[in-house]
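These are the residues of each chain, in order.
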Amino acid sequence: MRKNVVGKPECIMSGSFCCLRWCCGTGFNSGHERLKELPSVTLDTSHMGNDVVIVKNGRRICGSGGALATAPIVQNKAYFEAKLQQRGVWGLGLATQNTDLDHLPMGRSAESWVLRSDGKVYSNDEEQAKLADVPQEGDVIGISYDHVEMNFYVNGKNQHCPVTRLKGTFFPTFYGKDAYTFFLN
């Protein structure tokens, strides 16, 4: 634990929450065990399409079909991203466990909300939003979700096309066919 300029304990945790137990005088010895490493969320081989291939310890998807991540989004805010390593027909976004991962393109039902390779976001087979920049091979596509709206980023640039009205428990999802590859960052 580092001390600040007035000699008080200071909690420094990049990209995470700071534990405030020092302010209350209880310290970190309250029965909670600190994580040495954050749990890894990867692609779930038990929730993927029949012709999907997942490699690189659950971080790369190719083949034909979709896959869900191993954990749903349950906290107040979430962000995930993937690098489009090879062009083709692809999509990424949010989906429930009831999504048909073999029925492409995803976004045809109310069970998935996905950005497709044409730069448009679909759900229930209706266009919900359109990105200013259509992602290309080599781009990093990011998605933030706060249980109110979903936002998209291309190479860190906000696309300013929020999608709202999402309801339910969602998992990050990725799909593709015809020579595409995503690598989860």
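Refer to the structure above for everything that follows.
Just so it is clear, the structure is predicted and the values come from calculations on it, not from any experiment.

## As for unusual backbone geometry
Alright, step 1. Cis geometry is adopted by the peptide bond preceding Pro105, which originates at Leu104 and carries an omega value of -5°.
Alright, step 2. Even without being glycine, Lys56 reaches a positive phi, approximately 55°.
Alright, step 3. If you trace the backbone, Lys56 turns up in the loop between β4 (51–55) and β5 (60–69).
Alright, step 4. The phi dihedral of Asn124 falls on the positive side, at around 55°, and the residue is not glycine.
Alright, step 5. By the element assignment, Asn124 lies in the loop between β9 (120–123) and β10 (126–130).
Alright, step 6. Owing to a relative accessible area of 44%, Asn124 belongs among the partly exposed residues under this scheme.

## Remarks on the packing of aromatic side chains
Alright, step 1. Evaluation of the coordinates by the stated rule reveals three aromatic pairs.
Alright, step 2. Judged by centre distance (5.9 Å) and plane angle (75°), the ring pair of Phe80 and Phe174 falls under edge-to-face. Linking Phe80 in strand β6 (residues 78–86) with Phe174 in strand β15 (residues 171–177), this pair joins segments that are 94 residues apart in sequence. Like Phe174, Phe80 is buried.
Alright, step 3. Ring centres 6.1 Å apart and planes at 85° place the aromatic pair Tyr145 and Phe170 in the edge-to-face group. With Tyr145 in strand β11 (residues 140–145) and Phe170 in the loop between β14 (163–164) and β15, this residue pair connects regions lying 25 residues apart in the sequence. Across the pair, Phe170 and Tyr145 agree in class, each one buried.
Alright, step 4. Of note, Arg116 hangs over the ring of Tyr122, and the distance from its end group to the ring centre comes to 3.8 Å.

Cut-offs and rules
Residues numbered from 1 in each chain as written. Predicted model: local features only at pLDDT ≥ 70, side-chain atom pairs only at ≥ 80, totals over all residues. Heavy atoms only, no water. Helix = DSSP H or I, 4+ residues; strand = E, 2+ residues; numbered from the N terminus. Buried < 20%, exposed > 50% of the residue type's maximum accessible area, 1.4 Å probe, protein only. Phe/Tyr/Trp six-rings, centres within 6.5 Å; stacked < 30°, edge-to-face > 60°. Lys NZ or Arg CZ within 6 Å of the ring centre and 35° of its normal.

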